[in-house]
Amino acid sequence: MLPKADTEERYGTIDDAELLAGALALVEHLGLTGEVTAFDGGSLPVYAVGGDLVVKLYPPFCRRASAVERDVLRALAGRLPIPTPGVRDAGEFHGWDYVLMDRLHGTDLKRAWPGIPRRERERLAVRFGRALAEMHAVAPPEVLGPPDWTAFCAERAEATVEENRAGGLDRMWLERIPEFLESVDLDPGEPVLLHTEFMDAHLLLREEAGAWRPSGLFDFEPAMRGAREYDLVAVGIFLTRGDRVLMRAFLDGYGYPEERRAALPRKVMAYALLHVYSHLPWYFREVPAPGATTFDELADRWFGVGRSHDQSPSGDHDRT
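Heads up: these notes are all about the structure in this document. These numbers come from a predicted model, not from an experiment.

Before going further, it helps to spend a moment on the overall build of the protein chain. A count of helical and extended segments in the protein chain gives twelve helices and ten strands. In terms of C-alpha radius of gyration, the protein chain reaches 20 Å, essentially the compact-globule figure of 20 Å for 320 residues. Expressed as lengths along the three principal axes of its C-alpha atoms, the size of the protein chain is roughly 55 × 50 × 35 Å. Across the 320 residues of the protein chain, 52% fall into the buried class. The contacts in the protein chain between residues at least 6 apart in sequence include a share of 72% that link residues at least 24 apart. With 37 positive and 52 negative side-chain charges, the protein chain shows a separation of 4 Å between the mean positions of the two kinds.

Here we take up the sheet that holds strand E8 (residues 203-208). Sheet architecture is open: three strands sit in the order E6-E8-E9, paired in antiparallel fashion. On the outer flanks of this sheet lie strand E6 (107-108) and strand E9 (211-217), each paired with one strand and no other. With two bridges joining them, E6 and E8 adopt antiparallel strand pairing. Bridge pairing links Thr 107 to Leu 205 in E8. Taken strand by strand, helix H5 (residues 118-136) contacts E8 and E9, and its axis lies near 30° from that of E9.

Each pair of aromatic rings is reported with the distance of its centres and the angle of its planes. Per the counting criterion, the structure on display carries 18 aromatic pairs. Aromatic side chains Tyr 254 and Tyr 256 sit 6.3 Å apart centroid to centroid with 50° between the ring planes, which places their arrangement in the tilted category. Relative accessible area serves as the criterion here: at 13%, Tyr 254 is assigned to the buried category. Ring centres of Tyr 283 and Trp 302 lie 6.0 Å apart, and the angle between their planes is 85°; this geometry places the pair in the edge-to-face category. One end of the pair, Tyr 283, is in helix H11 (residues 280-286); the other, Trp 302, is in helix H12 (residues 295-303), and 19 residues separate them in sequence.

Attention now moves to the pattern of salt bridges. As enumerated under the stated definition, the model contains 24 salt bridges in all. A salt bridge links Arg 111 to Asp 108; the nearest nitrogen and oxygen atoms lie 3.0 Å apart. For Arg 111, a relative accessible area of 63% puts it in the exposed group. The closest approach of N and O atoms between Arg 118 and Glu 122, which form a salt bridge, is 3.0 Å. A residue pair is termed a helical-turn pair when its members lie 3 or 4 positions apart in one helix, as Arg 118 and Glu 122 do in helix H5 at four residues.

Thresholds, definitions, all that
- Residues numbered from 1 in each chain as written.
- Predicted model: local features only at pLDDT ≥ 70, side-chain atom pairs only at ≥ 80, totals over all residues.
- Heavy atoms only, no water.
- Helix = DSSP H or I, 4+ residues; strand = E, 2+ residues; numbered from the N terminus.
- Rg over C-alpha atoms; globule rule 2.2 N^0.38 Å.
- Buried < 20%, exposed > 50% of the residue type's maximum accessible area, 1.4 Å probe, protein only.
- Contact = heavy atoms within 4.5 Å.
- Lys, Arg positive; Asp, Glu negative; His and termini not counted.
- Charge placed at Lys NZ, Arg CZ, Asp CG, Glu CD.
- Pairing = 2+ DSSP bridges.
- Axes fitted to C-alpha atoms, helices over the stretch in contact; angles between N-to-C directions.
- Phe/Tyr/Trp six-rings, centres within 6.5 Å; stacked < 30°, edge-to-face > 60°.
- Salt bridge = Lys/Arg side-chain N within 4 Å of Asp/Glu carboxyl O.

Pasting the structure below:
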């Protein structure tokens, strides 16, 4: 049986052994066989079942997240050049929701990236950009919010200063957030299906015949509908990591219009502040920006786009 978790506070008191016992009971209930092992990390419990299945659990206060993940995965099935988990089953068990899905195989990009040669990284960035564009072309499922993107941005503008203050952001940056946000035109265009965390931790790769290829994209529980540039926040911080050449390669693969690229860094910087997971101190740790004192400078450092055949002015940004 899965433990009671009707609030986030109660969920936080549940230990790993209780969750595993509940997962084992669910697997037995579904008539599945194979070893059940927990994946590390993630905000929700996820378990491998044998070699080919994964079950993800959603406590009662996260019920909407299960519907989002289920419906987005069904909408994307077979539609992208990168595999996404196929949904085998979804339902409720002892008050928790679950989604049973196909297991993706490969090495997560976060671990693989340091060993991938520079030109191979650029090639992969093009492929990632193409995959995100194809995802954005899929009609967003009805379950996705927010219903009004402009109202969502206004709400986030009200909240982001205090959230970043709580995260430890320096007062100088906090004082400049409202003015910067007011200066950026955030006309969203037609809302698209957003992953919201298109980043190294959610992409898998496999090496075949000396070349790396994308083998998986997962974790769609935070998916939304909104402005396509919102998805470039995670791309710039956790994928291209401030590397101008890689960002250009990504945008080339995406097909982002050349004439709109000059204004792009400021727009993505605004969405970095408005993001539901906005955490600038974390971003500074991931991609340091020594000498930057304005959001325009920070936008250029994190989301700037190099010209063709440029060398990134700040190097390769390898993880060490």
